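Coordinates in review
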Amino acid sequence: MEKNLTYNDLPKAISELYYEVASIKQILIENRSNQCKDSDYWYDLAELCEYLPDKPSKATVYSWIHNRTIPFHKGAKKLRFLKSEIDTWLKEGKKIILTGPKVSPESYLKIKNEHRK
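Rules used in this analysis
- Note that residues are indexed from 1 along each chain, following the sequence as it is written.
- The model is predicted, so local features are restricted to residues of pLDDT at least 70 and side-chain atom pairs to those at 80 or more, both for listing and for counting; the totals for chains, interfaces and linings are taken over all residues.
- Computation of side-chain values: all heavy atoms of the structure, hydrogens and water removed.
- Under the scheme used here, helices are H or I runs from DSSP no shorter than 4 residues and strands are E runs no shorter than 2 residues, and both carry numbers assigned from the N terminus.
- The rule is short: rings of Phe, Tyr and Trp, with Trp giving its six-membered ring, pair when the centres are within 6.5 Å, and they are stacked under 30 degrees, edge-to-face over 60, tilted in between.
- Pairing between two strands requires that DSSP report at least two bridges joining them.
- The set of buried Ala, Val, Leu, Ile, Met, Phe, Trp, Tyr and Cys residues whose side-chain atoms join them within 4.5 Å is what this entry labels a nonpolar core.
- Only protein chains enter the area calculation, which uses a 1.4 Å probe; residues under 20% of their type maximum are buried, those over 50% are exposed, and those in between are partly exposed.
- By definition, residues are in contact when any of their heavy atoms lie within 4.5 Å.
- Every residue is assigned a pLDDT by the predictor, reflecting its confidence on a scale from 0 to 100.

Turning our attention to the environment of Trp42. Positionally, Trp42 belongs in strand β1 (residues 42-43). It is 9.9 Å that separates the C-alpha atoms of Trp42 and Glu85, two residues lying 43 residues apart in sequence.

And the structure:
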């Protein structure tokens, strides 16, 4: 569909183009969000930081990787994170916190001091 635009048609054409680009952008965002729901989706480091509930910094995630706290995959010098593994890691972390032993600070210090002797 070829149309010869005149100078007078430019404002309307630019306006139409703007709305078409905006609708394409919205479609791409929706498709990306649907992909992120897929458990086989792979995050890069920036996406992972955005996905995690606390929005940690990259440095924090690097320390988790160094301590092998978080599940990760390394290939071709790039870090990748599988969504299903991250979700499991998040759920297990919450379970540990919620089901951990309830120890008073005094008891904890007493136990810790006994182990030092």
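There's more to say after this.
For any pair of aromatic rings, the description rests on two quantities: the centre-to-centre distance and the angle between the ring planes. Scanning the model with the defined rule gives four aromatic pairs in all. Consider the rings of Trp64 and Trp89, whose centres lie 5.5 Å apart with planes at 55 degrees: the pair is tilted. Here Trp64 is found in helix α3 (residues 58-66), whereas its partner Trp89 is found in helix α4 (residues 83-99), with 25 residues between them in sequence. One aromatic cluster is present, built from ring pairs that chain together Tyr41, Tyr43 and Tyr51.

The sheet built from three strands is open, its strands ordered β1-β3-β2 with antiparallel pairing. Each of the sheet's edge strands pairs with one partner strand only, and the pair in question is β1 and β2 (73-75). Summarising the sheet, β1 and strand β3 (residues 78-82) pair through two bridges and their orientation is antiparallel. Note on β3: the bridge partner recorded for Trp42 is Leu82.

With that settled, consider the nonpolar core. Residues Leu48, Val61, Ile65, Ile70, Phe81 and Ile86 are the most contacted members of the largest nonpolar core, which totals 13 residues. Where this core is concerned, the elements lending two or more residues are α2 (45-51), α3, β3 and α4. Considering every element that reaches this core, the biggest residue donor is α2, with three residues. Each residue touching Ile86, except ones within four places of it in the same chain, is listed here: Leu48, Tyr51, Leu52, Ile70, Pro71 and Phe81.

Here the focus is the confidence of the model for the protein chain. Mean pLDDT for the protein chain: 82, with 72% of residues reaching 70 or above. Per-residue pLDDT, averaged within each element of the protein chain, yields its smallest value for helix α5 (residues 105-116) (64) and its largest for α2 (95). Contacts from residues 95-100, a stretch scored under 50 in pLDDT, to residues over four places away or in other chains number one contact.

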